[in-house]
Amino acid sequence: MSLTLGKSLKARLRSEKPVFGAWVGIPHPIVIELMARAQFGFLLLDGEHSPIDVNALGGLLPAAELHGAPTIFRTRSKSAGDIKAALDAGVSGIMVPMIETAEEAASIVAHCRYAPAGARGIGPWRASGYYEDFDAYLAGANDATTLFLQLESVKGLANLEAILAVEGFDVLFVGPADLASSLGLPIGRFDGELRKVLRRVAEAARRAGKLAAIDAPNTSLIPDLIDMGYSLFTIGSDTGFVQASGRSLVSELAAIAER
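Reading the values: rules and limits
Residues numbered from 1 in each chain as written. Predicted model: local features only at pLDDT ≥ 70, side-chain atom pairs only at ≥ 80, totals over all residues. Heavy atoms only, no water. Helix = DSSP H or I, 4+ residues; strand = E, 2+ residues; numbered from the N terminus. Buried < 20%, exposed > 50% of the residue type's maximum accessible area, 1.4 Å probe, protein only. Polar contact = N/O pair within 3.5 Å; in protein donor to acceptor, adjacent residues only side chain to side chain. Contact = heavy atoms within 4.5 Å. Phe/Tyr/Trp six-rings, centres within 6.5 Å; stacked < 30°, edge-to-face > 60°.

## Some remarks on the side chain of Asp-46
Turning to step 1, where the next piece is worked out: Mapped onto the secondary structure, Asp-46 falls in strand 2 (residues 42–46).
Turning to step 2, where the next piece is worked out: What makes Asp-46 buried here is its relative accessible area of 8%.
Turning to step 3, where the next piece is worked out: Within polar-contact distance, the side chain of Asp-46 engages the backbone nitrogen of His-49 at 3.3 Å.
Turning to step 4, where the next piece is worked out: Excluding residues that lie within four positions of it along the chain, Asp-46 makes contacts with Trp-23, Val-24, Ile-52 and Arg-74.

Listed below in structure tokens is the structure:
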């Protein structure tokens, strides 16, 4: 299952159509299953800014796999331990935050790839079907694993071309809030100076043969971002969907009560 979902995500990324994923921050199988049933292109389980712990993945991933949803796990740090543990649990890919140098990028690649392409330790307990598919998993894991590196700072931007020259990762993912903050720009606005930076990043990624990705706050921005060269997006989250639906209903009910 792990290899199958990983390969399906890689195939989507190779297509010319944009791919859309959603954030998951509630560490419960029912929430994961509800999100998987919505049929996003992938689910991004956030281990950095939510209570989803890498050690909980073994109990959460079956709910996503039940409905064919590829999963990306964002680690809390650049820790090799968290990266390897998430891959061994069976996620389809990894996102690592705040990459600022080519050396950091190369180190992350090494953590995610089996030798000779990297130095990932061998122990894919759940990813290999509890070792029943051990040989097949080891043979296919490097190609089936998608690696996202996040660009979120002025320092990372200064090293953009060097980071993109590193072999072995698939997606450069812009964190627009952190990047805007690092640049001293307003958070949440995609115009002005930030728009110029976003275009530069997408163009550089394309030249380097990498996919450019970004978190989009709303759907109205997506056509412009596609025109810039972005092809992969996260939009919305489990907590956001609950909040938006609840607030909308309360607003409707308030209107009825005022009649």
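On we go.
## Here we look at the packing of aromatic side chains
Both the distance between ring centres and the angle between the ring planes are used here to describe each pair of aromatic rings.
Turning to step 1, where the next piece is worked out: Throughout the structure, instances matching the rule amount to eight aromatic pairs.
Turning to step 2, where the next piece is worked out: Aromatic side chains Phe-20 and Phe-233 sit 5.5 Å apart centroid to centroid with 20 degrees between the ring planes, which places their arrangement in the stacked category. With Phe-20 in strand 1 (residues 19–24) and Phe-233 in strand 8 (residues 230–237), this residue pair connects regions lying 213 residues apart in the sequence.
Turning to step 3, where the next piece is worked out: By relative accessible area, which is 30% here, Phe-20 ends up partly exposed.
Turning to step 4, where the next piece is worked out: Centroid distance Tyr-131 to Phe-134: 6.0 Å. Interplanar angle 45 degrees. Geometry classified as tilted.
Turning to step 5, where the next piece is worked out: Residue classification places Tyr-131 among the partly exposed positions, given a relative accessible area of 42%.
Turning to step 6, where the next piece is worked out: Given the relative accessible area of 25%, Phe-134 is considered partly exposed.

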